[in-house]
Structure formats: structure tokens, C-alpha cells
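Structural characterization, general
Listed below are the residues making up each chain.
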Amino acid sequence: MINRRLVFAALGLGFALALAPRAALAGNHHVTQAVAETREAIHEGKQHMFSSFAEHTHNALDHAREAVAGGFDPKGHVKMAITHLRQAIKTAKRTHDAKRLAAGVRHAERALIHLKVAAEH
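Since this is a predicted model, take the numbers as computed values, not measurements. (Residues numbered from 1 in each chain as written. Predicted model: local features only at pLDDT ≥ 70, side-chain atom pairs only at ≥ 80, totals over all residues. Heavy atoms only, no water.)

**Details of the confidence of the model for the chain**
When the pLDDT values of the chain are averaged, the result is 85; 78% of them are 70 or greater. Contacts from residues 22-26, a stretch scored under 50 in pLDDT, to residues over four places away or in other chains number one contact. (pLDDT = per-residue confidence, 0-100. Contact = heavy atoms within 4.5 Å.)

**So, the nonpolar core**
Counting 26 residues, the largest nonpolar core has Val-31, Phe-53, Val-78, Leu-85 and Leu-115 as the members making the most contacts within it. Setting aside residues up to four positions removed in sequence, Leu-85 forms contacts with Thr-38, Thr-57, Ala-60, Leu-61, Ala-64 and Ala-111. (Core = buried A, V, L, I, M, F, W, Y, C linked by side-chain atoms within 4.5 Å. Buried < 20%, exposed > 50% of the residue type's maximum accessible area, 1.4 Å probe, protein only.)

**What to know about the environment of His-43**
Relative to the assigned elements, His-43 resides in helix H1 (residues 4-46). Expressed as a C-alpha distance, the spacing of His-43 and Val-105, which sit 62 residues apart in the sequence, is 8.7 Å. (Helix = DSSP H or I, 4+ residues; strand = E, 2+ residues; numbered from the N terminus.)

**Overview of the pattern of salt bridges**
This structure, assessed with the given rule, holds one salt bridge. Note that Glu-109 is salt-bridged to Lys-46, the shortest N-O span being 3.3 Å. Of this pair, Glu-109 sits in helix H4 (residues 98-120) while Lys-46 sits in helix H1, and the two are 63 residues apart along the sequence. By relative accessible area, which is 52% here, Lys-46 ends up exposed. (Salt bridge = Lys/Arg side-chain N within 4 Å of Asp/Glu carboxyl O.)

Rendered as C-alpha cells:
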């Protein structure tokens, strides 16, 4: 007769293995969304659309944070992207100065590099 503990352990392991790839895919999905939002933020920033740049940068930051919260951060690239996205928001926040927006765009471009590397993993 099979021991109950062994049966429950096997079922628990089966569920864990079944859900693990989905968790990784969810994190990767958030990184993919963060890449798309960051690209859109860069595009809007280069067009001098201040509020749209801030909105897309905030969305990218939210997706990047969700990826890290889900345990998806290959070699710290998503955390570095979060740092650059925060700096982009801080630099271009509440201003209509083209130079500050350009600096924010440069930070967003650096974040995009890290997000692309993370998305490849």
C-alpha cells in the first residue's frame, strides 16, 4: 500500500512543476510589455510629447516591477532597467524643458537595452 505522505508529496511536486514554467512565462510577458512601453515612451519623448512620455515610462516601470516580483530577473537586468526608468521619470517630471526630456529619453534608451537583454533569456 502506498503511503499517503508519498502520494501528497508526489502531487505537490507535480503541481509545482506544472506551474513553474507558467510563472517564468508570466515574468517574461511582463518584460515583453515593458519593452513595448519603453519603445513607445522613447518615441513619444523624441516627439516632445511630455505627458505621453511620462505615461508610457510609468507603464514600463510597472511591468518591470511585476517581472521582478514574479521572480524573473536574469542577471539583474530588469532591476537595472527599473533604475533607469525611475531616473527617466525623475528627470523629465513636471517639466517642459526639452533638454530634461532628452535626458529622460536617454535613460529610457538605457533601460530598453537592459530589458531587451532580459527578454532574450
